[in-house]
Structures are given as C-alpha cells and as structure tokens.
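# Analysis of the macromolecular model
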Amino acid sequence: MTTKRQQILDSALQLFAEQGVEGTSTAQIAKAAGVAKATLFHHFENKSLLVDELFRELKQALFKSIFQDLDSTSEPLYIKMSQLWKVGIDWAAAHPTAMKFFSNIHFHPATEARQTIVSEMFATLDNNVRLGQEAGDLMTLDIELVRYFIHSHFLISVNWLLDQPQLSAEQQQSYVQQSFDMCWRAIGGQTQ
C-alpha cells in the first residue's frame, strides 16, 4: 500500500518533470496526490524540502544501482568508470521521469541539502578519481569541478539518448561508449 507521503513524492516527481519546479505549485501536487494541502505540509514543511527529499530518494536509488559493485572490482579505473557509466545510462533509460526531474533541477539553484547529498553520494567516485589522479591515470583537477562535469555530461548524454528512440541497440551502445570516452578524456584520461 502506498503511503500518503509516497503519493506526494510520486505526484511531485511527475509534475516537476512535466512542468519544472518553478512551474509547479504545492496545491497542484496535493491535488495530483489526492491529499489535502495540510497533509502535504505535514510531510514536507515547504516545497523546497519536498524537492530536496525527492532529489535525495532518487539519487540514492541511482547511486545504489551504479555503485553497488564499484569497490569490489580490481579492474583498471577506465573499465570501472565505463561500467558505472553504462549502468547509470541503463538506470536512466528505465527511469525517464526521474531523469527529466534531475535535468530540470540540475541548473536550478542548489540548496545546501542537495549539495550535501551529491557530495556524500559522489564520495566513492571522488575517491576513485583521486586515486586515478595520484596514479597518473587522470589529470589532477579540482575534484568538485570533475564531479560537476561528470554529472552534467551524464545528464546531457542521457537526455540526448532518450530523445533518440530510433537508434538501434548497436547504435545506442556505441553512443554510450562514445559519450563515456568523451567524459574520460575531458577529465584527463588517456585514450584506451
């Protein structure tokens, strides 16, 4: 049974993906969720906290999928990061509404809560990038800049791919690999 809190989150996700955060009111969310505005505010004090919680839950689901096997492999960094990229793209393809929300919120002013969520969830990736920098596999660049670039390039790559339903499976796989290779080279990785 879906809780009222989850109904609110699900409705907010759909509306934010369709209309953007700024274009969606709490009244619209409450109506779509089939709850009173007071119920919405019981669960989420304001729209900003609702956005942050939705962002946190979706990022956790994405990162759980992506990072579940990262530390258990002894593959070279290029292979590990390429696998992460592919798993992330697969998750995105299975969750297009979540990706639309992420794209809408990406350039929206970040709250301290969202910045903390990204920093915490990217810690594993940050550590691997640092190790790659120390080993000389990657250029030494500011880790926050690298994180932001990877995140932005991922969103752009996913959105482009989702907008190309006519591509064959082979073309999609080629695009995914090419988009990762672009990212790898941009953060100072050597061509494989």
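Refer to the preceding data block for the structure.
Keep in mind it's a predicted model, so treat the numbers as computed, not measured. Here, residues in each chain are numbered from 1, in the same order as that chain's written sequence. Per-residue local features of the predicted model are confined to residues with pLDDT of at least 70, and side-chain atom pairs are confined, for both listing and counting, to 80 or more; whole-chain, interface and lining totals are unaffected and use all residues. The side-chain values count all of the structure's non-hydrogen atoms but skip hydrogen atoms and water molecules.

## Things to note about the packing of helix 1 (residues 4-19) against helix 2 (residues 26-33)
Whenever a helix is involved, its axis is fitted only over the stretch in contact; in every case the axis is a line through C-alpha atoms, and angles between N-to-C directions fall within 0 to 180 degrees. Helix and strand definitions follow DSSP, with helices as H or I runs of at least four residues and strands as E runs of at least two, each counted in order from the N terminus. Relative to each other, helix 1 and helix 2 sit at 125 degrees, their axes nearing to 8 Å. Regarding the angle of helix 1 to helix 2, the classification is oblique. Here helix 1 runs over helix 2; the crossing is right-handed. Of the residues in helix 2, those touching helix 1 at Q7, I8, S11, A12, L15, F16 and Q19 are Q28, I29, A32 and A33. With respect to orientation, any angle under 35 degrees is reported as roughly parallel, any angle over 145 as roughly antiparallel, any angle of 65 to 115 as roughly perpendicular, and every other angle as oblique. Should the near helix be turned anticlockwise from the far one by less than a right angle, the crossing is left-handed, and should it be turned clockwise, the crossing is right-handed. Residues are treated as being in contact if the distance between any of their heavy atoms lies within 4.5 Å.

## Things to note about helix 7 (residues 112-121)
Within the span of helix 7, buried status applies to R114, I117, V118 and M121. Taken end-on, helix 7 shows its buried residues confined to a sector of 95 degrees, consistent with a single buried face. Counted as exposed and oriented over 90 degrees from the buried face of helix 7: E112 and E120. In this fold, the buried residues of helix 7 make contact with helix 4 (47-67), helix 6 (96-106), helix 8 (123-135) and helix 9 (143-162). Only protein chains enter the accessibility calculation, which uses a 1.4 Å probe; a residue whose area is less than 20% of its type maximum is buried, one above 50% is exposed, and one in between is partly exposed. Along the arc lie the directions from the helix axis toward the C-beta atoms.

## Side note on the pattern of salt bridges
Whenever a carboxyl oxygen of Asp or Glu lies within 4 Å of a side-chain nitrogen of Lys or Arg, that contact is scored as a salt bridge. Here the structure, examined in full by the defined rule, presents six salt bridges. R114 is paired through a salt bridge with D52; the nearest N and O atoms lie 2.9 Å apart. Placement of the pair is R114 in helix 7 and D52 in helix 4, with a sequence separation of 62 residues. Side by side, R114 and D52 carry an identical accessibility label, which is buried. Look at the salt bridges and you will find they share partners, linking R5, E53, R56 and E57 into a network.

## Observations concerning the nonpolar core
What we call a nonpolar core is a set of buried Ala, Val, Leu, Ile, Met, Phe, Trp, Tyr and Cys residues that are connected through their side-chain atoms within 4.5 Å. By size, the foremost hydrophobic cluster in this structure holds 56 residues, and its most contacted members are M81, F101 and F102. For this core, the leading source of residues is helix 4, giving nine residues. Apart from residues no more than four positions distant in its own chain, F101 is found in contact with L13, F16, A17, V21, V51, L54, F55 and L58.

## Describing helix 1
For a helix, the expected span equals 1.5 Å multiplied by the residue count minus one. Taking 1.5 Å of rise per residue, 16 residues should cover 22 Å, and helix 1 covers 22 Å from first to last C-alpha, within 8% of that figure. When helix 1 is considered as a whole, its buried residues turn out to be I8, L9, S11, A12, L13, L15, F16 and A17. Structurally, helix 1 contributes buried residues whose contacts are with helix 2, helix 3 (37-43), helix 4 and helix 6. Following helix 1 by one or two positions, G20 adopts a phi angle in the positive range, close to 85 degrees.

## With respect to the environment of L131
Its location among the elements puts L131 in helix 8. Overall, L131 belongs to the exposed group, its relative accessible area being 54%. Placed 58 residues apart in sequence, L131 and G189 show a C-alpha to C-alpha distance of 13 Å.

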